[in-house]
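Below, each chain spelled out in residue letters.
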Amino acid sequence: MAGAERIQHLADAVRYHRELYYNHAAPEVSDAEFDALWDELKELDPSNDVLHEVGPEPLPGTVKVEHMFPMRSLDKGVSDEDIIHFVTQSTFGGNRYLGQPKLDGSALSLEYVSGNLHRAATRGSGERGEDVTLNAKLVANVPLRLNVAVDCHVRGEVVMPLATFDEKYRDISPNPRNLCSGALRQKHGDGKADASDLIFQAYDVKFPKESPDMQNDSELLSWLQDAGIEPAPWTIFESEEPQKEMIEFTQEWGTKRASYKFEIDGIVFKLDNLSQRENLGMTAHHPRWALAWKFPSQEAFSVLLGVDWQTGRTGAVTPVARIAPQMVGGVTVENVTLHNVGEVQRLGVKIGDRVTITRRGDVIPKIIDNHGPASEEDLQNRFHADGTAFTGELLVSKIEIPNACPACGRELNMEGAFLRCIALECDARTARSLTYWCRTLEMDGIGEKLIEALLERGIVETIADLYRLNHTQISNLERMGDKSAYNALDELAKTRTLNLARFLHALGMERIGPEVATTISQHFTSLENLLRWTDEGLDEELTIIDGIGEKVAAIFREGINKRRSLIDELSSIISVTNESEASSGIFDGKSFCITGSLSRPRKEIALAIKNAGGKVVGSVSNNLDVLVAGQKAGSKLAKAESFGLEIWSEDELFGKFAEPKSGPKTLFDYDQ
Ligand code: IVH
């Protein structure tokens with residue numbers, strides 16, 4: 001066989017056998033035969049794509065992994081009331097709950113194929129993480145082979161025992177959590193912590209194919225244990241009033257926390273029964289069957305030294321406070337947020353005041369209380385994060401509220417508690433919205449510096465211009481080589497097709513984060529429908545969507561209108577694909593309209609319909625499938641009757657949910 005042909009043959013063979021091995025668990029050749037094909041290809045054509053797109057073991061952080069089962073976040077609570085509320089809204093009467101410490105490390109997904117560790121990935125955005133197989137294999141208690149030959153995705157937290165942290169790492173890192181994500185993602189030899197100093201604690205498992213027949217999460221945790229995986233410890237609550245025991249449990253852990261072997265930041269409570277979980281379902285971003293209860297936040301005192309004002313991506317001009325360095329929860333804090341002008345006024349804080357700051361999880365530290373003028377002592381014995389002594393002085397003055405935008409100098413508007421620069425062409429807003437676009441779409445090689453350089457040279461003015469860049473324009477910029485220019489173009493090319501939710505999120509509209517963007521996208525399903533909604537000012541209200549209030553709906557409509565020319569320009573260059581509708585179930589593909597006065601809140605009814613796969617619209621047309629009519633239904637009822645549409649009462653609607661669902665459903669469908 002000639003060289004090129006042989007290479008093609010080898011590349012095809014490697015791809016074929018890899019697919020069989022990893023995705024079908026049905027190898028046709030031995031490991032040695034596979035290795036021989038691989039080695040020959042590597043020798044003949046070391047840069048062949050097949051060798052680099054490999055699933056098995058790329059260098060950490062170089063390959064993105066699409067999670068087959070998204071890694072969700074949880075609803076959060078901080079008080080006893082939050083626990084009571086969680087139990088009340090998730091109870092079916094006498095339920096069983098499970099509590100586990102909420103481990104403060106780094107989430108990891110371990111994919112096993114036929115019981116062999118095939119791939120490990122970080123949580124990342126929840127939809128996409130990074131391949132960290134190489135390092136995950138080093139984690140002390142991660143088995144390379146399970147005791148059962150199944151396909152499963154095990155989820156858990158990678159943590160560092162505090163004893164190890166104290167012994168080896170305390171001097172180089174403020175907390176074990178940072179070390180965990182660093183150790184998983186670093187390339188060998190270039191990092192701070194060793195992955196072999198980490199421990200994996202499992203809390204969940206999903207099965208892509210057959211799943212063991214189990215009713216409860218606690219049975220799955222035991223199953224994991226038998227399979228050779230170490231689950232996080234769990235406790236069951238099943239008394240008449242489980243919320244009482246659960247509250248006591250948080251108190252017990254509050255005391256135990258300081259001496260526990262791993263760092264924890266709260267307790268996760270979950271409904272144990274899996275089919276009850278399925279019945280409760282999810283909101284756009286968290287399951288309704290779990291609550292992440294967090295310990296009260298960590299607080300400390302400091303002194304306010306000065307305030308800088310910054311214009312953000314949405315034009316909000318926010319005060320960033322500089323404070324005397326202060327350790328809070330193991331981290332030295334020197335910059336904290338004061339949120340907005342309203343907050344500055346509410347706290348009545350002046351430069352030189354003694355203040356309480358707080359830091360909770362990853363939330364940016366903030367000032368929450370003001371104690372009036374600080375003393376000289378308040379400034380003593382403070383150290384920057386690098387260990388050098390702090391030598392600031394105590395100056396007292398009023399916080400000046402700016403009249404002009406710190407970025408573009410234009411006049412500012414006061415909107416509620418916020419100062420805002422409304423000029424869309426404001427430099428800060430443009431730079432930030434470009435950076436936000438690139439960061440949201442995970443374009444690795446395009447950062448703040450490159451964007452600033454492009455803006456400065458006038459090569460780029462809008463997001464759309466990014467997609468018009470050519471190689472010469474980028475490589476001519478300072479510090480941009482040939483290779484980084486190609487890399488930037490590659491990254492841009494990858495985002496020329498994206499779905500509606502990512503598109504909306506990346507536009508960086510105020511209040512439109514990934515969850516809201518997803519919910520809205522599932523509602524409209526296409527950019528075309530969405531634009532029709534804004535253009536025609538349709539009476540269909542966004543507020544019918546769970547989680548979207550009037551304010552967000554209004555901000556969203558305005559945000560789209562303001563960006564209309566950008567959206568039109570962008571959609572002629574890139575392609576925005578449709579979003580599939582949210583859930584699926586007995587009402588798949590059916591449209592509903594709700595009218596009249598009903599016994600349940602309208603939102604709740606709409607949500608129940610959507611959870612069953614239906615769509616809720618605001619008006620009656622010939623295409624409508626069902627009108628749900630309550631008491632005193634008026635013109636919509638008359639219209640539906642005249643079209644001969646199906647009309648259901650509220651009871652009839654809810655009766656449908658009680659009927660058994662058709663078709664087999666596994667216990668594990670709930671999270672997909
Ligand atoms: S259950 C559907 N259990 O907390 C989500 N999560 O806020 C299943 N975490 O990203 C998660 N300890 O990384 C669960 N015992 C525990 C946990 C835990 C820590 C983390 C996890 C997740 C985050 C959720």
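A quick note: this is a predicted structure, and the numbers were derived from the prediction, not measured. Here the residue numbering is sequential within each chain, running from 1 through the sequence in written order. Thresholds applied to this predicted model are a pLDDT of at least 70 for local features of residues and 80 or more for the giving and counting of side-chain atom pairs; totals over whole chains, interfaces and linings are not thresholded and use all residues. Hydrogens and water molecules were not included; the side-chain quantities draw on all heavy atoms of the structure.

Draft legend 1. Spotlight on the environment of P325. Along the chain, P325 falls in strand β13 (residues 316-328). A relative accessible area of 2% places P325 in the buried class. Counting along the chain gives 59 residues from P325 to H384, while the straight-line C-alpha distance between them is 5.7 Å. Excluding its chain neighbours within four sequence positions, the residues that come into contact with P325 are T332, V333, E334, R382, F383, H384 and F390. Only DSSP runs of H or I reaching four residues or more are called helices, and only runs of E reaching two or more are called strands; each is numbered from the N terminus. Only protein chains enter the calculation, and the probe is 1.4 Å; a residue is then buried if its accessible area is under 20% of its type maximum, exposed if over 50%, and partly exposed in between. Two residues qualify as a contact provided that any one of their heavy atoms is within 4.5 Å of a heavy atom in the partner residue.

Draft legend 2. Molecular detail of the pattern of salt bridges. Every case where a carboxyl oxygen of Asp or Glu lies within 4 Å of a side-chain nitrogen of Lys or Arg is listed as a salt bridge. Summed over the entire model, instances satisfying the criterion amount to 27 salt bridges. The salt bridge partner of K494 is E491, with a shortest N-O separation of 3.1 Å. One end of the pair is K494 and the other is E491, both in helix α16 (residues 482-494) and 3 residues apart, which spans about a single turn. Here E491 falls in the buried class, since its relative accessible area comes to 8%. A network of salt bridges, in which partner residues are shared, links R96, E238 and D272.

Draft legend 3. Spotlight on the pairing of strand β10 (residues 264-271). Along β10, 8 of the 8 residues are buried, which leaves the element largely enclosed by surrounding structure. Here the rule is simple: two strands pair whenever DSSP picks up at least two bridges between them. As defined by bridge partners, strand β3 (residues 97-103) adjoins β10 across 7 bridges and the pair is classed as antiparallel. From the neighbouring strand, L103 faces β10, where its bridge partner is I264. Across 5 bridges, the pairing between β10 and strand β11 (residues 290-294) is antiparallel.

Draft legend 4. Local environment of the nonpolar core. The biggest cluster of nonpolar side chains holds 65 residues, and the ones touching the most others in it are W437, L466, Y467, F503, L504, F556 and L570. Counting 37 residues, the second largest nonpolar core, distinct from the first, contains A120, C180, A183 and I229. The set of buried Ala, Val, Leu, Ile, Met, Phe, Trp, Tyr and Cys residues whose side-chain atoms join them within 4.5 Å is what this entry labels a nonpolar core.

Draft legend 5. How the structure looks around the site of the ligand. Residues are counted as near a molecule or strand when any one of their heavy atoms sits within 4 Å of it. Within the structure, the ligand sits among 14 residues, and Q100, L103, E157, Y203 and K270 are positioned closest to it. K102 places a side-chain nitrogen or oxygen 3.1 Å from an oxygen atom of the ligand. Definition of a polar contact: a pair of N or O atoms within 3.5 Å, with one able to donate and the other able to accept a hydrogen when the atoms are protein atoms, and with sequence-neighbouring residues admitted only if both atoms are side-chain atoms. In this structure, E157 approaches the ligand through a side-chain N or O atom, which is 2.6 Å from an oxygen atom. We get accessible surface area from the Shrake-Rupley algorithm with a probe of 1.4 Å; when it comes to residues, only the shown protein chains can shield them. Its free accessible area being 520 Å², the ligand has 92% of it covered by the protein chains. Of all elements in the fold, only β3 and β10 reach the threshold of two or more residues within the shell around the ligand.

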